[in-house]
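Per-entry structural report
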Amino acid sequence: MEPIRITTPLTPEKARTLKSGDSVLISGVIYTGRDAAHKRLCELLKEGKPMPIDVKNQIIYFVGPSPAKPGMAIGSAGPTTSYRMDAYSPALIEQGLTGMIGKGKRGPAVIDAMKKCGCVYFGAIGGAGALLSKCIKKAEVVAYEDLQSEAIRRLEVKDLPATVIIDAEGRNLYEWGRADYLKTQE
Amino acid sequence: MREIDSKQITDVVARLCVNANRHLAGDVRKCIEGCRACEPWPIAQEILDRIIENYNIADRTEMAICQDTGLACVFLEIGQDVHVNGSIEDAVNEGVRKGYTEGFLRKSCVEEPLGARKNTLDNTPAMIYYELVPGDQVKITVAPKGFGSENMSQIKMLKVSDGAEGVKDFVVKVVEEAGPNPCPPIVVGVGIGGTFDKAALMAKKAIIRPLEERHPVKYYADMEAELLERINALGIGPQGFGGRTTALAVNIETMPTHIAGLPVAVNINCHVTRHKTEVL
(Lines give C-alpha, C1' and ligand atoms only; values in the text may rest on other atoms or scores of the structure.)
Protein backbone atom coordinates (compact mmCIF):
# COMPACT_ATOMS: atom_id res chain seq x y z
CA MET A 1 0.00 0.00 0.00
CA GLU A 2 1.29 3.47 -0.97
CA PRO A 3 1.93 5.67 2.07
CA ILE A 4 -0.28 8.74 2.56
CA ARG A 5 1.60 12.04 2.47
CA ILE A 6 0.71 14.48 5.23
CA THR A 7 1.88 18.07 5.39
CA THR A 8 1.43 20.00 8.63
CA PRO A 9 -0.59 21.77 9.93
CA LEU A 10 -2.98 18.85 10.35
CA THR A 11 -6.62 19.90 10.69
CA PRO A 12 -9.07 17.78 12.71
CA GLU A 13 -11.00 17.17 9.46
CA LYS A 14 -7.89 15.75 7.78
CA ALA A 15 -6.98 13.80 10.92
CA ARG A 16 -10.38 12.11 10.84
CA THR A 17 -9.70 10.79 7.31
CA LEU A 18 -6.70 8.76 8.56
CA LYS A 19 -7.35 5.14 9.48
CA SER A 20 -5.64 2.81 11.93
CA GLY A 21 -2.98 0.88 10.01
CA ASP A 22 -2.35 3.60 7.38
CA SER A 23 1.29 4.20 6.50
CA VAL A 24 2.07 7.91 6.35
CA LEU A 25 4.98 10.18 5.45
CA ILE A 26 4.90 13.37 7.49
CA SER A 27 6.40 16.63 6.19
CA GLY A 28 6.47 20.18 7.53
CA VAL A 29 6.88 21.55 11.04
CA ILE A 30 6.34 19.35 14.10
CA TYR A 31 7.25 19.91 17.75
CA THR A 32 9.10 17.68 20.20
CA GLY A 33 8.06 17.13 23.78
CA ARG A 34 8.32 14.45 26.42
CA ASP A 35 7.73 14.01 30.17
CA ALA A 36 9.23 17.18 31.64
CA ALA A 37 8.04 19.56 28.87
CA HIS A 38 4.51 18.12 28.97
CA LYS A 39 4.42 18.63 32.73
CA ARG A 40 5.34 22.30 32.32
CA LEU A 41 2.86 22.89 29.48
CA CYS A 42 0.03 21.45 31.54
CA GLU A 43 1.00 23.49 34.61
CA LEU A 44 0.71 26.64 32.47
CA LEU A 45 -2.71 25.53 31.20
CA LYS A 46 -3.87 24.89 34.76
CA GLU A 47 -2.76 28.39 35.77
CA GLY A 48 -4.47 29.88 32.72
CA LYS A 49 -1.16 31.18 31.34
CA PRO A 50 -0.14 31.05 27.64
CA MET A 51 1.96 28.11 26.45
CA PRO A 52 5.26 28.78 24.62
CA ILE A 53 3.91 26.97 21.53
CA ASP A 54 0.45 27.00 19.95
CA VAL A 55 -0.55 23.35 19.62
CA LYS A 56 -3.64 23.99 17.47
CA ASN A 57 -3.53 21.71 14.39
CA GLN A 58 -0.01 20.64 15.31
CA ILE A 59 1.76 17.31 15.82
CA ILE A 60 3.92 16.61 18.87
CA TYR A 61 6.69 14.02 18.54
CA PHE A 62 7.53 12.30 21.83
CA VAL A 63 11.32 12.32 21.48
CA GLY A 64 14.44 13.32 23.36
CA PRO A 65 17.09 13.32 20.64
CA SER A 66 20.76 12.60 21.16
CA PRO A 67 23.09 15.57 20.50
CA ALA A 68 23.80 16.57 16.90
CA LYS A 69 27.29 16.00 15.54
CA PRO A 70 28.85 19.05 13.84
CA GLY A 71 27.16 19.71 10.50
CA MET A 72 24.09 17.65 11.31
CA ALA A 73 20.59 18.93 12.18
CA ILE A 74 20.06 16.46 15.01
CA GLY A 75 21.36 13.25 16.54
CA SER A 76 19.52 9.96 16.80
CA ALA A 77 15.80 10.75 17.15
CA GLY A 78 13.36 7.87 17.59
CA PRO A 79 10.15 7.88 19.65
CA THR A 80 9.93 7.37 23.40
CA THR A 81 7.20 5.32 25.13
CA SER A 82 3.97 7.31 25.02
CA TYR A 83 2.03 6.18 28.10
CA ARG A 84 4.15 8.48 30.24
CA MET A 85 2.45 11.40 28.46
CA ASP A 86 -1.06 10.00 29.08
CA ALA A 87 -1.56 12.24 32.10
CA TYR A 88 -0.98 15.33 29.94
CA SER A 89 -2.15 14.54 26.39
CA PRO A 90 -5.93 15.00 26.90
CA ALA A 91 -5.42 18.64 27.98
CA LEU A 92 -3.30 19.37 24.89
CA ILE A 93 -5.78 17.63 22.59
CA GLU A 94 -8.49 19.88 24.06
CA GLN A 95 -6.26 22.81 23.02
CA GLY A 96 -6.33 21.62 19.40
CA LEU A 97 -3.43 19.17 19.15
CA THR A 98 -4.26 16.88 16.21
CA GLY A 99 -1.36 14.42 16.13
CA MET A 100 1.07 12.64 18.42
CA ILE A 101 4.01 10.50 17.34
CA GLY A 102 5.32 7.94 19.81
CA LYS A 103 5.35 4.22 20.50
CA GLY A 104 3.42 1.94 22.81
CA LYS A 105 -0.03 1.85 24.37
CA ARG A 106 -2.28 4.82 25.23
CA GLY A 107 -4.86 5.02 28.01
CA PRO A 108 -8.66 5.37 27.63
CA ALA A 109 -8.73 9.08 28.61
CA VAL A 110 -6.32 9.91 25.74
CA ILE A 111 -8.35 7.89 23.23
CA ASP A 112 -11.61 9.52 24.38
CA ALA A 113 -10.09 12.98 23.84
CA MET A 114 -8.78 11.91 20.41
CA LYS A 115 -12.25 10.76 19.35
CA LYS A 116 -13.93 13.86 20.69
CA CYS A 117 -11.57 16.42 19.14
CA GLY A 118 -10.20 14.68 16.02
CA CYS A 119 -6.66 13.63 16.84
CA VAL A 120 -4.50 10.74 15.62
CA TYR A 121 -1.80 8.70 17.38
CA PHE A 122 1.05 7.77 15.06
CA GLY A 123 3.74 5.20 15.77
CA ALA A 124 7.29 5.66 14.58
CA ILE A 125 9.66 2.72 14.91
CA GLY A 126 11.07 2.62 18.43
CA GLY A 127 14.83 2.11 18.37
CA ALA A 128 15.21 3.36 14.79
CA GLY A 129 16.63 6.72 15.84
CA ALA A 130 19.43 6.85 13.28
CA LEU A 131 17.06 6.13 10.38
CA LEU A 132 14.44 8.65 11.58
CA SER A 133 17.06 11.39 12.10
CA LYS A 134 17.64 11.45 8.33
CA CYS A 135 14.11 12.83 7.88
CA ILE A 136 14.76 15.79 10.19
CA LYS A 137 16.13 18.69 8.18
CA LYS A 138 16.22 21.38 10.84
CA ALA A 139 15.89 21.51 14.62
CA GLU A 140 15.76 24.48 16.95
CA VAL A 141 14.94 24.74 20.63
CA VAL A 142 11.87 26.94 21.12
CA ALA A 143 11.23 26.44 24.84
CA TYR A 144 12.69 25.00 28.05
CA GLU A 145 16.32 24.90 26.95
CA ASP A 146 17.27 23.95 30.53
CA LEU A 147 15.63 20.57 29.95
CA GLN A 148 18.42 19.59 27.53
CA SER A 149 17.25 16.64 25.41
CA GLU A 150 13.75 17.15 26.85
CA ALA A 151 13.47 20.78 25.63
CA ILE A 152 10.71 21.63 23.15
CA ARG A 153 12.17 21.72 19.65
CA ARG A 154 10.66 22.91 16.41
CA LEU A 155 11.54 20.33 13.77
CA GLU A 156 11.31 20.62 10.02
CA VAL A 157 10.75 17.12 8.72
CA LYS A 158 10.56 15.60 5.27
CA ASP A 159 8.79 12.28 4.70
CA LEU A 160 9.05 11.05 8.29
CA PRO A 161 7.68 7.47 8.12
CA ALA A 162 4.98 6.56 10.64
CA THR A 163 1.95 4.31 11.01
CA VAL A 164 -1.46 5.33 12.30
CA ILE A 165 -1.78 3.22 15.45
CA ILE A 166 -4.98 4.71 16.94
CA ASP A 167 -7.28 6.73 14.68
CA ALA A 168 -9.87 9.35 15.63
CA GLU A 169 -12.51 6.63 15.84
CA GLY A 170 -10.46 4.78 18.44
CA ARG A 171 -9.51 1.84 16.24
CA ASN A 172 -6.24 0.44 17.59
CA LEU A 173 -3.61 -1.34 15.47
CA TYR A 174 -2.11 -2.93 18.60
CA GLU A 175 -5.39 -4.79 19.07
CA TRP A 176 -6.50 -5.69 15.54
CA GLY A 177 -2.98 -6.19 14.10
CA ARG A 178 -2.20 -8.86 16.65
CA ALA A 179 -5.64 -10.47 16.30
CA ASP A 180 -5.36 -10.57 12.49
CA TYR A 181 -1.95 -12.21 12.67
CA LEU A 182 -3.14 -14.79 15.24
CA LYS A 183 -6.08 -15.70 13.00
CA THR A 184 -3.59 -16.79 10.32
CA GLN A 185 -1.91 -19.08 12.88
CA GLU A 186 -5.01 -21.02 13.92
CA MET B 1 51.04 -8.47 41.68
CA ARG B 2 50.11 -6.97 38.33
CA GLU B 3 49.47 -3.24 38.37
CA ILE B 4 47.07 -1.28 36.17
CA ASP B 5 46.70 2.46 36.06
CA SER B 6 43.11 3.61 36.57
CA LYS B 7 43.52 5.85 33.51
CA GLN B 8 43.51 2.68 31.39
CA ILE B 9 40.07 1.81 32.75
CA THR B 10 38.82 5.30 31.85
CA ASP B 11 40.03 4.95 28.26
CA VAL B 12 38.46 1.51 27.82
CA VAL B 13 35.11 2.55 29.35
CA ALA B 14 34.94 5.67 27.16
CA ARG B 15 35.61 3.63 24.01
CA LEU B 16 33.11 0.93 24.98
CA CYS B 17 30.36 3.50 25.68
CA VAL B 18 30.74 4.92 22.18
CA ASN B 19 31.13 1.60 20.38
CA ALA B 20 28.26 -0.12 22.18
CA ASN B 21 25.90 2.72 21.28
CA ARG B 22 26.93 2.96 17.63
CA HIS B 23 27.73 -0.58 16.56
CA LEU B 24 25.18 -3.26 17.35
CA ALA B 25 26.78 -6.47 18.62
CA GLY B 26 27.16 -9.30 16.09
CA ASP B 27 25.04 -11.80 18.01
CA VAL B 28 22.08 -9.41 18.08
CA ARG B 29 22.39 -8.59 14.36
CA LYS B 30 22.59 -12.25 13.46
CA CYS B 31 19.53 -13.03 15.54
CA ILE B 32 17.45 -10.17 14.08
CA GLU B 33 18.41 -11.16 10.54
CA GLY B 34 17.56 -14.81 11.27
CA CYS B 35 14.14 -13.79 12.63
CA ARG B 36 13.52 -11.62 9.54
CA ALA B 37 14.08 -14.67 7.35
CA CYS B 38 11.45 -16.66 9.33
CA GLU B 39 8.88 -13.87 9.77
CA PRO B 40 5.68 -14.66 7.82
CA TRP B 41 3.71 -11.42 8.47
CA PRO B 42 4.19 -8.61 5.90
CA ILE B 43 4.03 -5.57 8.24
CA ALA B 44 6.42 -7.35 10.62
CA GLN B 45 8.84 -8.03 7.76
CA GLU B 46 8.74 -4.35 6.87
CA ILE B 47 9.48 -3.26 10.46
CA LEU B 48 12.37 -5.73 10.75
CA ASP B 49 13.80 -4.43 7.45
CA ARG B 50 13.72 -0.87 8.85
CA ILE B 51 15.35 -2.01 12.09
CA ILE B 52 18.15 -3.63 10.08
CA GLU B 53 18.50 -0.52 7.90
CA ASN B 54 18.68 1.59 11.07
CA TYR B 55 21.56 -0.28 12.69
CA ASN B 56 23.42 -0.32 9.39
CA ILE B 57 23.05 3.49 9.09
CA ALA B 58 24.27 3.92 12.68
CA ASP B 59 27.22 1.63 11.98
CA ARG B 60 28.20 3.40 8.77
CA THR B 61 27.70 6.99 9.90
CA GLU B 62 29.03 6.53 13.45
CA MET B 63 25.87 7.67 15.19
CA ALA B 64 23.80 6.30 18.06
CA ILE B 65 21.54 3.39 17.00
CA CYS B 66 18.83 4.70 19.35
CA GLN B 67 18.49 8.17 20.91
CA ASP B 68 18.07 6.53 24.33
CA THR B 69 21.72 5.75 24.89
CA GLY B 70 20.73 4.50 28.30
CA LEU B 71 22.08 4.49 31.79
CA ALA B 72 25.67 3.27 31.53
CA CYS B 73 25.72 -0.19 33.12
CA VAL B 74 29.35 -1.18 33.62
CA PHE B 75 30.27 -4.73 34.63
CA LEU B 76 33.77 -5.21 36.05
CA GLU B 77 35.32 -8.61 36.58
CA ILE B 78 38.45 -7.83 38.55
CA GLY B 79 41.14 -10.46 38.92
CA GLN B 80 42.29 -11.06 42.52
CA ASP B 81 45.91 -10.73 41.44
CA VAL B 82 45.66 -7.27 39.92
CA HIS B 83 46.04 -3.94 41.68
CA VAL B 84 44.49 -0.80 40.21
CA ASN B 85 46.26 2.45 41.03
CA GLY B 86 43.68 5.11 41.84
CA SER B 87 39.92 4.94 42.34
CA ILE B 88 38.18 2.40 40.11
CA GLU B 89 34.82 4.11 40.60
CA ASP B 90 36.19 7.51 39.61
CA ALA B 91 37.96 5.98 36.62
CA VAL B 92 34.74 4.34 35.36
CA ASN B 93 32.73 7.54 35.81
CA GLU B 94 35.39 9.56 34.02
CA GLY B 95 35.16 7.09 31.14
CA VAL B 96 31.38 7.43 30.98
CA ARG B 97 31.68 11.24 31.10
CA LYS B 98 34.24 11.20 28.27
CA GLY B 99 32.42 8.64 26.11
CA TYR B 100 28.99 10.23 26.38
CA THR B 101 30.29 13.77 25.85
CA GLU B 102 32.77 13.15 23.04
CA GLY B 103 30.55 10.52 21.39
CA PHE B 104 27.46 12.78 21.08
CA LEU B 105 25.43 10.37 23.20
CA ARG B 106 22.35 11.46 25.11
CA LYS B 107 22.73 12.23 28.79
CA SER B 108 19.80 10.52 30.45
CA CYS B 109 20.74 10.44 34.13
CA VAL B 110 19.00 12.56 36.80
CA GLU B 111 20.54 13.35 40.20
CA GLU B 112 17.56 12.34 42.34
CA PRO B 113 14.68 9.98 41.53
CA LEU B 114 12.18 12.48 43.03
CA GLY B 115 12.01 16.24 43.35
CA ALA B 116 13.77 18.37 40.74
CA ARG B 117 15.15 15.36 38.82
CA LYS B 118 18.03 17.52 37.61
CA ASN B 119 20.06 16.05 34.76
CA THR B 120 23.68 15.34 35.76
CA LEU B 121 24.68 16.51 32.24
CA ASP B 122 27.35 13.85 31.65
CA ASN B 123 25.39 10.61 32.16
CA THR B 124 27.24 9.81 35.39
CA PRO B 125 27.11 8.09 37.74
CA ALA B 126 27.50 4.76 35.97
CA MET B 127 25.64 1.76 37.36
CA ILE B 128 28.69 -0.31 38.35
CA TYR B 129 28.64 -4.05 39.07
CA TYR B 130 31.82 -5.44 40.66
CA GLU B 131 32.85 -9.06 40.68
CA LEU B 132 36.07 -10.56 42.02
CA VAL B 133 37.43 -13.41 39.89
CA PRO B 134 40.64 -15.48 39.80
CA GLY B 135 43.54 -14.19 37.68
CA ASP B 136 45.26 -10.88 36.98
CA GLN B 137 43.04 -9.33 34.35
CA VAL B 138 40.19 -6.82 34.39
CA LYS B 139 37.26 -7.58 32.12
CA ILE B 140 35.08 -4.57 31.40
CA THR B 141 31.64 -4.76 29.79
CA VAL B 142 29.59 -1.67 29.05
CA ALA B 143 25.89 -2.33 28.47
CA PRO B 144 23.93 0.92 27.96
CA LYS B 145 20.37 0.24 29.13
CA GLY B 146 17.39 2.04 27.64
CA PHE B 147 14.42 2.63 29.90
CA GLY B 148 11.52 1.97 27.54
CA SER B 149 12.28 -1.68 28.13
CA GLU B 150 13.65 -1.33 31.68
CA ASN B 151 10.27 0.10 32.76
CA MET B 152 8.53 -3.09 31.60
CA SER B 153 10.63 -5.36 33.84
CA GLN B 154 9.16 -7.10 36.90
CA ILE B 155 10.19 -9.24 39.85
CA LYS B 156 8.12 -11.65 41.91
CA MET B 157 8.71 -13.86 44.91
CA LEU B 158 6.87 -17.01 43.82
CA LYS B 159 5.83 -19.82 46.15
CA VAL B 160 7.88 -23.00 45.94
CA SER B 161 4.66 -24.82 45.02
CA ASP B 162 4.27 -22.58 41.94
CA GLY B 163 7.18 -24.55 40.46
CA ALA B 164 8.41 -24.42 36.87
CA GLU B 165 4.91 -23.73 35.50
CA GLY B 166 4.56 -20.72 37.80
CA VAL B 167 7.91 -19.37 36.63
CA LYS B 168 7.06 -19.80 32.96
CA ASP B 169 3.58 -18.29 33.33
CA PHE B 170 5.05 -15.27 35.11
CA VAL B 171 7.65 -14.66 32.38
CA VAL B 172 5.03 -14.87 29.62
CA LYS B 173 2.67 -12.60 31.60
CA VAL B 174 5.37 -9.92 31.95
CA VAL B 175 6.02 -9.97 28.20
CA GLU B 176 2.32 -9.90 27.33
CA GLU B 177 1.63 -6.99 29.68
CA ALA B 178 4.55 -5.07 28.18
CA GLY B 179 3.08 -5.54 24.68
CA PRO B 180 4.39 -2.91 22.26
CA ASN B 181 5.97 -0.65 24.94
CA PRO B 182 9.53 -2.06 25.22
CA CYS B 183 10.24 -1.88 21.44
CA PRO B 184 9.83 -5.52 20.41
CA PRO B 185 11.47 -7.70 19.24
CA ILE B 186 12.84 -7.92 22.76
CA VAL B 187 15.46 -9.88 24.65
CA VAL B 188 14.08 -11.47 27.82
CA GLY B 189 16.49 -11.90 30.73
CA VAL B 190 15.29 -14.16 33.52
CA GLY B 191 16.91 -14.65 36.92
CA ILE B 192 15.65 -17.58 38.99
CA GLY B 193 16.75 -18.24 42.57
CA GLY B 194 19.08 -16.43 44.99
CA THR B 195 17.57 -13.57 46.98
CA PHE B 196 15.28 -10.71 45.86
CA ASP B 197 18.28 -8.63 44.70
CA LYS B 198 20.34 -11.49 43.27
CA ALA B 199 17.43 -12.57 41.07
CA ALA B 200 17.26 -9.06 39.59
CA LEU B 201 21.03 -8.98 39.04
CA MET B 202 20.95 -12.37 37.29
CA ALA B 203 18.16 -11.12 35.02
CA LYS B 204 20.27 -8.07 34.13
CA LYS B 205 23.31 -10.26 33.41
CA ALA B 206 21.16 -12.61 31.34
CA ILE B 207 20.36 -9.87 28.82
CA ILE B 208 24.03 -9.30 28.04
CA ARG B 209 24.79 -12.97 27.52
CA PRO B 210 25.33 -13.80 23.83
CA LEU B 211 21.92 -14.56 22.33
CA GLU B 212 22.97 -17.86 20.78
CA GLU B 213 24.40 -19.17 24.05
CA ARG B 214 22.07 -21.46 26.00
CA HIS B 215 21.98 -22.21 29.75
CA PRO B 216 24.60 -24.92 30.49
CA VAL B 217 22.02 -27.14 32.20
CA LYS B 218 19.71 -28.89 29.72
CA TYR B 219 16.64 -28.45 31.93
CA TYR B 220 16.97 -24.66 31.81
CA ALA B 221 18.12 -24.61 28.18
CA ASP B 222 14.90 -26.43 27.31
CA MET B 223 12.94 -23.91 29.37
CA GLU B 224 14.57 -21.08 27.38
CA ALA B 225 13.47 -22.70 24.13
CA GLU B 226 9.95 -23.37 25.41
CA LEU B 227 9.54 -19.80 26.69
CA LEU B 228 10.77 -18.34 23.39
CA GLU B 229 8.22 -20.43 21.54
CA ARG B 230 5.38 -19.42 23.88
CA ILE B 231 6.33 -15.73 23.66
CA ASN B 232 6.54 -15.83 19.88
CA ALA B 233 3.09 -17.44 19.77
CA LEU B 234 1.60 -14.35 21.51
CA GLY B 235 1.40 -12.54 18.16
CA ILE B 236 2.62 -9.16 19.51
CA GLY B 237 5.28 -8.93 16.80
CA PRO B 238 7.85 -6.24 15.96
CA GLN B 239 6.68 -2.90 17.44
CA GLY B 240 3.46 -4.62 18.53
CA PHE B 241 1.84 -4.41 15.09
CA GLY B 242 1.37 -8.19 15.00
CA GLY B 243 3.68 -10.97 13.84
CA ARG B 244 5.85 -13.81 14.97
CA THR B 245 9.01 -12.00 16.10
CA THR B 246 8.13 -10.76 19.58
CA ALA B 247 11.34 -11.95 21.27
CA LEU B 248 14.81 -12.60 19.88
CA ALA B 249 15.91 -14.78 22.78
CA VAL B 250 15.10 -15.84 26.34
CA ASN B 251 18.22 -16.08 28.49
CA ILE B 252 17.88 -17.68 31.93
CA GLU B 253 20.41 -17.44 34.75
CA THR B 254 20.01 -19.49 37.91
CA MET B 255 21.56 -19.88 41.38
CA PRO B 256 20.84 -21.67 44.67
CA THR B 257 18.06 -20.25 46.84
CA HIS B 258 16.34 -20.65 50.22
CA ILE B 259 14.22 -23.71 51.07
CA ALA B 260 11.19 -21.41 51.33
CA GLY B 261 11.72 -19.35 48.22
CA LEU B 262 11.45 -19.07 44.45
CA PRO B 263 12.45 -15.54 43.38
CA VAL B 264 11.97 -14.75 39.68
CA ALA B 265 13.06 -11.54 37.98
CA VAL B 266 12.37 -10.62 34.37
CA ASN B 267 14.51 -7.89 32.83
CA ILE B 268 13.37 -6.83 29.37
CA ASN B 269 15.70 -5.36 26.76
CA CYS B 270 14.76 -3.89 23.40
CA HIS B 271 16.02 -4.92 19.96
CA VAL B 272 18.87 -2.46 20.50
CA THR B 273 20.46 -4.81 23.04
CA ARG B 274 23.88 -3.24 23.52
CA HIS B 275 27.01 -4.65 25.09
CA LYS B 276 30.70 -4.37 24.31
CA THR B 277 33.58 -5.95 26.23
CA GLU B 278 37.34 -5.46 26.50
CA VAL B 279 39.91 -7.16 28.71
CA LEU B 280 42.80 -5.27 30.32
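Since the model is a prediction, treat every value here as computed from it, not as a measurement.

Quick word on the overall build of chain A
A tally of regular secondary structure across chain A gives six helices and seven strands. For a compact globule of 186 residues, the expected C-alpha radius of gyration is about 16 Å, and chain A comes in at 16 Å, within 12% of that figure. Overall size of chain A, expressed as C-alpha extent along the three principal axes, is 50 × 40 × 25 Å. A buried classification covers 50% of the 186 residues belonging to chain A. Long-range contacts, defined here as pairs at least 24 residues apart, represent 63% of the contacts in chain A between residues at least 6 apart.

Brief notes about the sheet that holds strand 10 (residues 276-279) of chain B
All names here are of chain B. The strand order across the open sheet formed by four strands is 4-2-5-10, and the pairing between neighbours is mixed. Each edge of the open sheet is held by one strand with a lone partner, namely strand 4 (127-133) and strand 10. Each adjacent strand pair in this sheet contributes to an overall mean axis angle of 15 degrees, direction not counted. Pairing analysis gives four bridges linking strand 5 (residues 138-145) to strand 10, with the strands arranged antiparallel. Of the residues in strand 10, the one forming a bridge with isoleucine 140 is glutamate 278.

Observations concerning the nonpolar core
In terms of nonpolar packing, the biggest core is built from 136 residues, with Phe122(A), Val13(B), Cys17(B), Val188(B) and Val190(B) touching the most fellow members. When residues of this core are sorted by domain, at least three fall in each of domain 1 (2-20 + 65-145) and domain 2 (148-274) of chain B. Beyond its immediate chain neighbours, meaning those up to four positions away, Cys17(B) contacts Ala72(B), Gly95(B), Val96(B), Gly99(B), Tyr100(B), Gly103(B), Leu105(B), Val142(B) and Pro144(B).

What about the interface of chain B and chain A?
Contact residues are listed per partner, giving 37 residues for chain B and 34 residues for chain A. Considering each element in turn, the side of chain B that touches chain A owes the most residues, eight residues, to helix 3 (residues 42-61) of chain B.

Regarding the packing of helix 6 (residues 163-178) of chain B against helix 8 (residues 218-231) of chain B
Residue and element names in this part refer to chain B. Where helix 6 meets helix 8, the axes come as close as 10 Å, and the angle between the chain directions of the two elements is 40 degrees. Taken together, the axis directions place helix 6 and helix 8 in an arrangement best described as oblique. The two elements helix 6 and helix 8 cross, and the hand of that crossing is right-handed. Taken together, the residues of helix 8 that come into contact with helix 6 (itself represented by Ala164, Lys168, Val171, Val172 and Val175) are Met223, Glu226, Leu227, Arg230 and Ile231. Among the residues forming the contact of helix 6 with helix 8, the class breakdown is seven nonpolar, no polar and three charged.

Examining the domain arrangement of chain B
Residues and elements named next belong to chain B. One can read the domain layout of chain B as domain 1 (2-20 + 65-145) and domain 2 (148-274). Taking the mean C-alpha position of each, domain 1 and domain 2 sit 26 Å from one another. Domain 1 puts eight residues into the contact, and the matching count from domain 2 is five residues. The element best represented in the side of domain 1 that touches domain 2 is strand 5, accounting for four residues. Taken together, the residues of the side of domain 1 that touches domain 2 sort by class into five nonpolar, one polar and two charged.

Cut-offs applied
- Residues numbered from 1 in each chain as written.
- Chains lettered and ligands numbered in written order.
- Predicted model: local features only at pLDDT ≥ 70, side-chain atom pairs only at ≥ 80, totals over all residues.
- Helix = DSSP H or I, 4+ residues; strand = E, 2+ residues; numbered from the N terminus.
- Rg over C-alpha atoms; globule rule 2.2 N^0.38 Å.
- Buried ≥ 20, exposed ≤ 12 C-beta atoms within 10 Å, placed from the backbone.
- Contact = placed C-beta atoms within 7 Å.
- Pairing = 2+ DSSP bridges.
- Axes fitted to C-alpha atoms, helices over the stretch in contact; angles between N-to-C directions.
- Core = buried A, V, L, I, M, F, W, Y, C linked by C-beta atoms within 7 Å.
- Domains from an automatic or database assignment.
- Parallel < 35°, antiparallel > 145°, perpendicular 65-115°, else oblique.
- Left-handed = near helix turned anticlockwise from the far one by under 90°.
- Nonpolar A, V, L, I, M, F, W, Y, C, P; charged D, E, K, R; others polar.

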